[in-house]
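Secondary and tertiary structure notes
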Amino acid sequence: MLIDTYGRVATDLRVSLTDRCNLRCTYCMPEEGLQWLAKPDLLTDDEIVRMVRIAVTRLGVTDVRFTGGEPLLRPGLTGIVERCAALDPRPRMSLTTNGIGLSRTADALRAAGLDRVNVSLDTLRPDVFRTLTRRDRHADVLAGLAAASAAGLDPLKVNTVLMRGVNDDEAPDLLRWAVDHGYELRFIEQMPLDAQHGWQRGDMVTADEILAALRTRFHLTPEGDSIRGSAPAERWLVDGGPARVGVIGSVTRPFCRACDRTRLTADGQVRNCLFAREESDLRGPLRSGASDEEIAELWRAAMRGKKAGSGLDDPAFLQPDRPMSAIGG
Ligand code: SAM
Ligand code: SF4
């Protein structure tokens, strides 16, 4: 098991397949992009499958999410999914994507064994999309969502970040649209993980504000007994259900005490937290002949060092050196 000194057990692995992206969301990357990882530094498809195998067979990982950067830019994605689906025990597999290209790949990904998809979409307005992502691809994202839904990749979740003065007036419209299409919408508070270090706490649209905006048009009731366990999203039934909406208050309502995540970057570093300032290199040992058990033990050691919380409320908080796009969101 991957267990830390606070007794938390990590069963959910986030694998970043690339740090590259075809969008430039303002809360994530600068307009000019970033210095991308060099190809030889990236784990190969074989190395990724081996790492996932170690995680599910030796470390108790049950859920694997492929992310990035933009994971659909990874040429071997479908093959990686297919090989991971053949593992015993078979992990549940999901993908977080901006949706561009999903209209071409959704069926193949489903056939390869992908279980679920989260598509990120922050606005229903093409002009706002252009401002937020600096690219004119709104229609491609909508087409990707429709294809994922048609391919049976459900429940289909949509991730939305609200930015003050840009799209923060859209929360109820986005929820209406998501409910009408059968998508489960999840709002994510903006986190200080942008490469430009432009995040300001005062600018962030908070979970409370999002809920207040939604309540102007919908009746929200906490789902179940409202114990969210390790799930980062607090979920509400919309107008009595069955439609739901989630709010991930990573900054104002942190879920660190129940965190069950472990992360692998595209260049083979294990991170025990999104906000960690340290990481543990597994690529070096992997390439110098370490056995599966040696890799597993290094991974266990990396997770034992997990801190109690993100440190976001500490006045001395420092952003990690890696931006979200290179960690794997
Ligand atoms: N490119 C894919 C996408 O956009 O879905 C996968 C990677 S992206 C880093 C994963 C998620 O992180 C997206 O839903 C994105 O909106 C979110 N994200 C990126 N930067 C963020 C930030 N600074 N605060 C909160 N969420 C962020
Ligand atoms: Fe790309 Fe996702 Fe970052 Fe937007 S949030 S720039 S789509 S990695």
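Before reading further, recall that the structure is shown in the block above.
Residues numbered from 1 in each chain as written. Chains lettered and ligands numbered in written order. Predicted model: local features only at pLDDT ≥ 70, side-chain atom pairs only at ≥ 80, totals over all residues. Heavy atoms only, no water.

Bringing the site of ligand 1 into the picture now. Near ligand 1 there are 18 residues, and of these Tyr27, Gly69, Glu70, Ser120 and Met191 occur at the shortest range. Backbone polar atom of Thr97 to an oxygen atom of ligand 1: 3.2 Å apart, as the coordinates give it. Contact with the protein chains covers 95% of the free accessible surface of ligand 1, which is 540 Å². By residue class, the composition of the shell around ligand 1 is six nonpolar, 10 polar and two charged. (Near = heavy atom within 4 Å. Polar contact = N/O pair within 3.5 Å; in protein donor to acceptor, adjacent residues only side chain to side chain. Areas by Shrake-Rupley, 256 points an atom, 1.4 Å probe, with all protein chains shown as cover. Nonpolar A, V, L, I, M, F, W, Y, C, P; charged D, E, K, R; others polar.)

So, about helix α3 (residues 102-112). Taken as a whole, α3 has its buried residues at Leu102, Ala106, Leu109 and Ala112. Along α3, the residues classed as buried sweep out an arc of 135° about the axis, all on the same side. In α3, those exposed residues whose orientation departs by more than 90 degrees from the buried face are Arg104, Asp107 and Ala111. The inward-facing, buried residues of α3 abut α2 (77-85), β5 (92-97), β6 (116-120) and α5 (138-150). In the segment just after α3, Gly113 is the residue with positive phi, at about 120°. (Buried < 20%, exposed > 50% of the residue type's maximum accessible area, 1.4 Å probe, protein only. Helix = DSSP H or I, 4+ residues; strand = E, 2+ residues; numbered from the N terminus. Arc of directions from axis to C-beta. Contact = heavy atoms within 4.5 Å.)

Attention now moves to helix α7 (residues 207-215). Among the residues of α7, those classed as buried are Ala207, Ile210, Leu211 and Leu214. Looking straight down α7, one finds that the buried residues subtend no more than 95° of arc, so they occupy a single side. The secondary structure elements touched by the buried residues of α7 are α6 (171-181), β8 (184-188), β9 (220-222), β10 (234-238) and β11 (244-248).

What follows covers the packing of helix α1 (residues 45-58) against α2. Closest axis-to-axis distance for the α1/α2 pair is 10 Å, and the angle between their directions is 30°. With respect to each other, α1 and α2 are oriented roughly parallel. For the pair α1 and α2, the sense of crossing is right-handed. Residues Asp45, Asp46, Ile48, Val49 and Val52 of α1 lie in contact with α2, whose contacting residues are Ile80, Arg83 and Cys84. Class assignment for the residues of the contact of α1 with α2 results in five nonpolar, no polar and three charged. (Axes fitted to C-alpha atoms, helices over the stretch in contact; angles between N-to-C directions. Parallel < 35°, antiparallel > 145°, perpendicular 65-115°, else oblique. Left-handed = near helix turned anticlockwise from the far one by under 90°.)

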